[in-house]
Amino acid sequence: MTRSEEVNRLTENVYRVILDQFNPSLKSFVTMGKHYQKALSGVTIAAKGYFDALVKLGELASDSQGSKELGDTLFQMAEVHRQIQVQLEEVLKLFHSELLAQLEHKLELDIKYLMATLKKYQTEHRSRHESVERCQSELRKLRKKVQNSKNPQKYGDKEVQYVEVMSTRQCELDQFVADGYKAALTEERRRYSFLVDRQCAISKHFSSYHAKVKELLSVKLPAWEQSCTQPTKLPERALNLVKQTANNSSAGTIISDPIPSTKALEVPPELAPLLGGGGLALNHAVTVSELAPLSNGDSHRPRGSQDMGTPATSEPSPLAIQSSQQPPLSASLTPPAPKTSDMYASTLPIPRKPASETRLATLGMLVCFWLLMLVLSAAYSLRICKFQHPEG
């Protein structure tokens, strides 16, 4: 095998490698790049949900009196990383437009171009090679005639011409094969160079992206780390709030102390004259502890007043006459108002008393209650009598 034929074989092999190996590998690379882009896009979508959850945690921390600064830190983290994700999305768009799309477009055109280039080279090489072979064949025939001729000098000039033509065409064939091999290697290098160039462009975008990420994080990261160096130290605002709460608790009412009732009851006008001697005036407000419960129902009404449709004509009852002749009760007969501390005495332990003292106290309370009931019944009967005999 001559040198020309060996170079020709190398040239065709370069074209075959590009068509049969490089282009399929490049197609697989584009496919994997699309998967990579899709995966990164999925990461950005997941990152949005991740940082939305981080924002919610920051809102919870901001509502706290002791962790408001940490909530602000979480907000800043979410915002910075959201900016990082936006930059990543821009890089992914460039990754698709400047690398994948261009490689895919070049790949479709390259297959047709390489097949046409290889076919053209093979046709041209075959033509030149056949031309050289024809010259060699003519030269062999001429030399055979010279050997059989009686006058060999007759073909001397013609043989020289054939040798020169064959040498010229052989040189042209060798030059063509060399140029073809160079062109094949150039085509191969152009494809790898284009791939490296596109990859460098994407690397520049990623480098710019990482530089921005580094700049953002290097500015914010020291403050973030500082905010969590003392997890047990409360801010001044929370400490002041704790102090105010402690002061209010010590200056105010103790939680275990009973709270006296301040709800007032209005005294009926008809009871004001009867209770005036006890220190109560008309429309005087008294507390629940100052009044005994009134009897409810018809048991204390006169018989003639039970039916409001038929006025009674009977004489006032002896009880009413007796009560009208009695002087007003003195203040000593009015039950004393209990003290505030006695209203919730049931919450304290009761000391044991002798049985005789208990009986006397009970009897005294019953007498006071009976006298109060007599006064209230007399007042009520007097009011009914005035209603039945308005002319009197």
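Residues numbered from 1 in each chain as written. Predicted model: local features only at pLDDT ≥ 70, side-chain atom pairs only at ≥ 80, totals over all residues. Heavy atoms only, no water.

Chemist: Which parts of the structure should I look at to understand the overall build of the chain?
Modeler: Scanning the chain from terminus to terminus reveals eight helices and two strands. Traced from its N-terminal end to its C-terminal end, the chain shows the element sequence α-α-α-α-β-α-β-α-α-α. Taking all 392 residues of the chain together, 22% fall into the buried category. A separation of at least 24 residues holds for 79% of the contacts in the chain among residues at least 6 apart in sequence. Just so you have it, the chain exposes about 28100 Å², and 59% of that area is on carbon and sulfur atoms. (Helix = DSSP H or I, 4+ residues; strand = E, 2+ residues; numbered from the N terminus. Buried < 20%, exposed > 50% of the residue type's maximum accessible area, 1.4 Å probe, protein only. Contact = heavy atoms within 4.5 Å. Areas by Shrake-Rupley, 256 points an atom, 1.4 Å probe, with all protein chains shown as cover.)

Chemist: Would you take a moment to explain the pattern of salt bridges for this structure?
Modeler: A side chain with one charge may pair with a side chain of the opposite charge, provided their charged atoms come close. One pass over the structure, following the stated rule, counts 12 salt bridges. The shortest N-O distance in the salt bridge between Lys93 and Glu90 comes to 4.0 Å. Remark: Glu90 and Lys93 occur in helix 2 (residues 68-148); sequence separation between them is three residues, near one turn of the helix. For Lys93, a relative accessible area of 53% gives the class exposed. Salt-bridge contacts for Arg128 lead to Glu124; the nearest nitrogen and oxygen are separated by 3.1 Å. Here Arg128 and its partner Glu124 are both found in helix 2, four residues apart, which amounts to about one turn of the helix. Of the residues examined, Arg128 reaches a relative accessible area of 27% and is grouped as partly exposed. (Salt bridge = Lys/Arg side-chain N within 4 Å of Asp/Glu carboxyl O.)

Chemist: Can you walk me through the side chain of Gln37 in this structure?
Modeler: Tracing the backbone through its elements, the reader meets Gln37 in helix 1 (residues 3-63). Within polar-contact distance, the side chain of Gln37 engages the side chain of His96 at 3.2 Å. (Polar contact = N/O pair within 3.5 Å; in protein donor to acceptor, adjacent residues only side chain to side chain.)

Chemist: Would you mind showing me how to read helix 3 (residues 156-227) here?
Modeler: End to end, helix 3 covers 104 Å across 72 residues, agreeing with the expected 106 Å (1.5 Å per residue, within 8%). The sharpest bend along helix 3 comes to roughly 35°, located at Lys220, with the proline Pro222 sitting one to four residues further on. (Expected span 1.5 Å × (residues − 1). Bend = angle between axes of the 7 residues up to and from the residue.)

Chemist: I keep staring at the environment of Glu104 and nothing clicks. Help me out?
Modeler: Here Glu104 lies in helix 2. Given the relative accessible area of 30%, Glu104 is considered partly exposed. C-alpha of Glu104 to C-alpha of Lys27: the two residues are 77 residues apart in sequence and 7.2 Å apart in space. Those residues in contact with Glu104 that sit more than four places away from it in its chain are Val30 and Lys34.

Chemist: What's the story with a nonpolar patch on the surface in this structure? I'm lost.
Modeler: Together, Leu363, Val367, Trp370 and Leu371 make up an exposed nonpolar region whose accessible area comes to about 390 Å². Counting through the fold element by element, Trp370 comes out in helix 8 (residues 355-388). Judged by relative accessible area, Trp370 falls into the exposed class, the value being 52%. (Patch = residues over 30% accessible without salt bridge, like charges linked within 9 Å, V, L, I, M, F, W, Y side chains within 5 Å.)

Chemist: Even after reading the chapter, I still don't get the packing of aromatic side chains, so can you show me in this structure?
Modeler: Two aromatic rings are characterised by how far apart their centres lie and by the angle between their planes. Evaluated as defined, the whole model comprises five aromatic pairs. Summarising the aromatic geometry, the rings of Tyr50 and Phe51 are spaced 4.8 Å apart at their centres and angled 75° between planes, so their arrangement reads as edge-to-face. Judged by its relative accessible area of 55%, Tyr50 falls in the exposed class. Note on Phe51: relative accessible area 8%, which makes it buried. Note on Tyr121 and Phe176: the rings are 5.2 Å apart at their centroids and 15° apart in plane angle, and the pair reads as stacked. Within this pair, whereas Tyr121 is found in helix 2, its partner Phe176 is found in helix 3, the two being separated by 55 residues in sequence. Phe176 shares its class with Tyr121; the two are buried. The lysine or arginine in question, Lys106, covers the ring of Phe194, its NZ or CZ lying 5.5 Å from the ring centre. (Phe/Tyr/Trp six-rings, centres within 6.5 Å; stacked < 30°, edge-to-face > 60°. Lys NZ or Arg CZ within 6 Å of the ring centre and 35° of its normal.)

Chemist: Sorry if this is basic, but what is going on with the packing of helix 1 against helix 3 here?
Modeler: When two helices pack together, their arrangement is given by the angle between their axes and by how far apart the axes lie. Two elements in contact, helix 1 and helix 3, have axes separated by 9 Å at closest approach and are oriented at 15°. Here helix 1 lies roughly parallel to helix 3, going by the angle between them. Two packed elements cross with a definite hand, and for helix 1 against helix 3 that hand is left-handed. When its residues are assigned to classes, the contact of helix 1 with helix 3 shows 19 nonpolar, six polar and four charged. (Axes fitted to C-alpha atoms, helices over the stretch in contact; angles between N-to-C directions. Parallel < 35°, antiparallel > 145°, perpendicular 65-115°, else oblique. Left-handed = near helix turned anticlockwise from the far one by under 90°. Nonpolar A, V, L, I, M, F, W, Y, C, P; charged D, E, K, R; others polar.)

Chemist: I tried to follow the packing of helix 1 against helix 2 on my own but got confused; where do I start?
Modeler: Look at helix 1 against helix 2: their axes get within 8 Å of each other, and the N-to-C directions meet at 165°. Between helix 1 and helix 2, the crossing angle belongs to the class labelled roughly antiparallel. Handedness of the crossing formed by helix 1 with helix 2: left-handed.

Chemist: Quick question: what am I supposed to make of the nonpolar core here?
Modeler: Side chains of nonpolar character tend, in soluble globular proteins, to be buried together. With 25 residues, the main nonpolar core has Leu26, Phe95, Leu99, Leu103 and Tyr209 as its most contacted residues. Of all the secondary structure elements, the ones that give two or more residues to this core are helix 1, helix 2 and helix 3. In terms of residue count, the dominant contributor to this core is helix 2 (11 residues). In contact with Tyr209, not counting residues within four places along its chain, are Ile84, Gln87, Leu88 and Val91. Counting residues in hydrophobic clusters, the runner-up holds six residues, among them Val7, Tyr121, Phe176 and Val177. (Core = buried A, V, L, I, M, F, W, Y, C linked by side-chain atoms within 4.5 Å.)

Chemist: Can you help me understand the confidence of the model for the chain in this one?
Modeler: Low pLDDT means the predicted atomic positions in that stretch should not be read closely. On average, the chain scores 74 in pLDDT, and the residues at 70 or more come to 68%. Here helix 6 (residues 318-325) is the element of the chain with the lowest mean pLDDT, 42, and helix 1 is the one with the highest, 90. Here residues 337-351 is a poorly scored stretch, pLDDT under 50, and it has eight contacts once near neighbours within four places are set aside; other chains count. (pLDDT = per-residue confidence, 0-100.)

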